[in-house]
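Okay, here's what each chain looks like letter by letter:
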Amino acid sequence: MLAFGIPWSNAFFNFGFYLMIIFFSFSLFNYQKWNEISKTPIVIIALAFFIFILLKTFFSFAPWELAKQDLINYRKLIAIPFLVALFRSDSQKMLLFVSYCFGAFVLMLPTLIDGFGFVNLIEHITFIPRNAAYSLSLHNLPNLVYWRNQIVHGFHISILLAASILGSIYFVKYRFFLLILSALCVYDLLFFIYGRMALLSLFVTVIVIFLMHTRTKKNIVILLSAMMIILPSTYFMIPSVNIRLNSITNELSHYFKNNDIYSSSGQRLHYWNVSWNMFKESPITGMGSGSFRHQLITSNDPLVINQAGHTHNEFLTQLSQYGLIGFILFASLLVISFINSRKIRNLWLANLTSAAITIFALNCLTDSSLHNDWEGWTFVLIVSIACSNIKL
């Protein structure tokens, strides 16, 4: 229920999370497992990371109200030991990931229904107009994302795409269904949403999966040659892709020429500059929880009205608020979980977990993905799946 709810439903997620805690608390066997897993590297790092964030909440340049909010956002790190202890076998981990994939499909379903015109058909039949929230969005592209925002939607559907492509390779019995699901994911990312990072996640997902299944230079050359044909063709033949990519170059041009910080790209570049300057002031331990938001307020930053509580880059969020210590702890979670994912015996699970970690790291470049709930909880789930194969 927890995994199923992460992509789309706060209610399912919260209910599943509390059930997990209750189940763990009332099983004496789980306390024995807790004692054993508490000595493993991933659990030590996760707990050390949270404890350090806790300390930097009490010793922060920001007031308590702002610092407390960041502590709440990172409390998800505490769930890693519970999940590592509870889900040990490959069959349990597969069930967990399949539940997550069903949740991602539910996230995508209303977008597909709307994108293929069924919502407009219902509107014409019933004469009930759609909610104004679902209308034209950035650059006059239709806003067909219902449950989450564009970034989070693209993130989850990219992982679902990886799961369905890999599933079509390893589960021959379900290949036809999984190939259709893969096509729907690609169609969703290309035509039905306007998230720019989703495009990069789409191509990186395909490349990573291909590289996992080839070791020869010939196949790598074939891949690179194919991408050199596919990428320009996609740009010139699909207007929604063309508009999204052109918007990036236009926004970057306006930022560097006119210091335009009010576009999506301009805001991120401005936030990154602010966070980098904060890191230089306190490079070892950072300025503490909530300090990024506090910096915007105290400096009367022109973007303070946006209510941004993070830098839209998880690596810079760590550097600015928690310094090199926080950055190293976060990077260690990424590296150790990726290494452990390659040791999982089930090939579908191993390659999917590796791909999901790669997609998450990629999204961390333009969003504070661990700080945010629904990308961050997905990462917690992935880390737990990758690292619960340790021998106790």
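Coordinates for the structure precede this section.
### Here we look at the overall build of the chain
Helices and strands together make up the secondary structure of the chain, namely 18 helices and zero strands. Every one of the 392 residues in the chain was classed for burial, and the buried ones make up 51%. In the chain, the proportion of contacts linking residues at least 24 apart, taken out of those at least 6 apart, comes to 75%. As presented, the chain carries roughly 18,300 Å² of accessible surface, and 70% of it is formed by carbon and sulfur atoms.

### So, the packing of aromatic side chains
Evaluation of the coordinates by the stated rule reveals 25 aromatic pairs. Ring geometry for Phe 4 against Trp 8: centres 5.6 Å apart, planes inclined by 75 degrees, an arrangement best described as edge-to-face. Accessibility expressed as a relative area gives 21% for Phe 4, which makes it partly exposed. On the accessibility criterion, Trp 8 (16% relative accessible area) is buried.

### Quick word on the packing of helix H7 (residues 90-115) against helix H10 (residues 175-192)
In a pair of packed helices, the angle between the axes and the distance between the axes together describe the arrangement. For the pair H7 and H10, interaxial distance at closest approach is 11 Å and the crossing angle is 65 degrees. Judged by the twist between their axes, the crossing of H7 over H10 is left-handed. In this structure, H7 uses Phe 105, Met 108, Thr 111, Leu 112 and Gly 115 to contact H10, whose residues at the interface are Leu 181, Leu 184, Cys 185, Asp 188 and Phe 192.

### Some details on the nonpolar core
Formed by 92 residues in total, the largest nonpolar core has its most connected members in Leu 77, Phe 97, Ile 159 and Phe 330. With residues up to four places along the chain from it excluded, the contact list for Phe 330 reads Phe 49, Glu 314, Phe 315, Gln 318, Phe 360, Cys 364, Leu 370 and Phe 379. Listed in part, the eleven residues of the second largest apolar core include Leu 269, Val 274, Met 278 and Phe 292.

### With respect to the packing of helix H13 (residues 239-258) against helix H14 (residues 264-281)
It is the contact of H13 with H14, at a shortest axis distance of 8 Å, that shows an interaxial angle of 50 degrees. In terms of orientation, H13 and H14 fall into the oblique class. Here H13 and H14 pass one another in a crossing that is right-handed. Contacts between H13 and H14 involve Ile 248, Glu 251, Leu 252, Tyr 255 and Phe 256 from the first element and Ser 264, Ser 265, Gly 266, Leu 269 and His 270 from the second. Partitioning the contact of H13 with H14 into residue classes produces five nonpolar, four polar and one charged.

### A closer look at a nonpolar patch on the surface
Taken together, Leu 109, Ile 113, Phe 116, Phe 118, Leu 121, Tyr 187 and Phe 191 make up a surface patch of nonpolar side chains, about 610 Å² in accessible area. When contributions to the nonpolar patch are tallied by element, the ones reaching two or more residues are H7, helix H8 (118-126) and H10. Note on placement: Phe 118 falls in helix H8. The class for Phe 118 is partly exposed, based on a relative accessible area of 47%.

Reading guide: rules and limits
- Residues numbered from 1 in each chain as written.
- Predicted model: local features only at pLDDT ≥ 70, side-chain atom pairs only at ≥ 80, totals over all residues.
- Heavy atoms only, no water.
- Helix = DSSP H or I, 4+ residues; strand = E, 2+ residues; numbered from the N terminus.
- Buried < 20%, exposed > 50% of the residue type's maximum accessible area, 1.4 Å probe, protein only.
- Contact = heavy atoms within 4.5 Å.
- Areas by Shrake-Rupley, 256 points an atom, 1.4 Å probe, with all protein chains shown as cover.
- Phe/Tyr/Trp six-rings, centres within 6.5 Å; stacked < 30°, edge-to-face > 60°.
- Axes fitted to C-alpha atoms, helices over the stretch in contact; angles between N-to-C directions.
- Left-handed = near helix turned anticlockwise from the far one by under 90°.
- Core = buried A, V, L, I, M, F, W, Y, C linked by side-chain atoms within 4.5 Å.
- Parallel < 35°, antiparallel > 145°, perpendicular 65-115°, else oblique.
- Nonpolar A, V, L, I, M, F, W, Y, C, P; charged D, E, K, R; others polar.
- Patch = residues over 30% accessible without salt bridge, like charges linked within 9 Å, V, L, I, M, F, W, Y side chains within 5 Å.
- Salt bridge = Lys/Arg side-chain N within 4 Å of Asp/Glu carboxyl O.

Functional significance is not addressed by these values, which are geometric in nature.
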